[in-house]
Structure formats: C-alpha cells, structure tokens
Amino acid sequence: MPENCDERCVNSTIISRAYFSSYLLCELWLDYEKQFKTVKTWEFDEDEEIISEHKQVRNALYNYGEKKIKTELSNSFT
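Residues numbered from 1 in each chain as written. Predicted model: local features only at pLDDT ≥ 70, side-chain atom pairs only at ≥ 80, totals over all residues. Heavy atoms only, no water.

Draft legend 1. Just the side chain of Gln56, in detail. If you trace the backbone, Gln56 turns up in helix α2 (residues 53-63). A residue is classified by how much of its surface remains accessible, and Gln56, at 9% relative accessible area, is buried. Not counting chain neighbours up to four residues away, the residues in contact with Gln56 comprise Phe36, Thr38, Val39, Phe44 and Ile51. (Helix = DSSP H or I, 4+ residues; strand = E, 2+ residues; numbered from the N terminus. Buried < 20%, exposed > 50% of the residue type's maximum accessible area, 1.4 Å probe, protein only. Contact = heavy atoms within 4.5 Å.)

If you want it as structure tokens, here you go:
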C-alpha cells in the first residue's frame, strides 16, 4: 500500500470496486436475461440527451421491475 494512502483511501477503493463489480454483474444480467444493451455515449444523436451507461443500467433495472437492485446500485454509486 502506498505510504500516503490512509484509511479513507482504502475505504474509497473498496467501495469503488464493490460498486463497479455490482454494476458489471447487473449489466451482464440485463444482457443475458433481457437482451438489454447500453448505448455508448458516442452513439447518441446530436439532438439527444446523453445518458451515461451506468444510468442506463440503473434505469433498465427499474423498468424491468428490479427496483430494489436499482436502488442499492444507486446508493453505492453516490
């Protein structure tokens, strides 16, 4: 561990990795079970509002009735 890495640094890393792992699992589940794929930011038209892939996954979870998972993923994102 780097010398200047304190407890906050370690905790932030753990939380970030846990969130990203959860996000990727949700993304894979949506693809496998619901054939849902995110739209990459560069694939949006100029006049469309760009929605991040992370938000697209959270919205899809909500739309497919996985409201609790969406909420837990949102909570760990912030």
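Draft legend 2. Quick peek at the nonpolar core. Of all hydrophobic cores here, the largest spans 8 residues; its members are Tyr19, Tyr23, Cys26, Leu30, Val57, Ala60, Leu61 and Leu73. Residue assignment for this core shows that the elements contributing at least two residues are α1 (7-34) and α2. Of the residues forming this core, the biggest block, 4 residues, is contributed by α1. In this view, Tyr19 contacts His54, Arg58, Leu73, Ser76 and Phe77; residues no more than four positions away in its chain are not counted. (Core = buried A, V, L, I, M, F, W, Y, C linked by side-chain atoms within 4.5 Å.)

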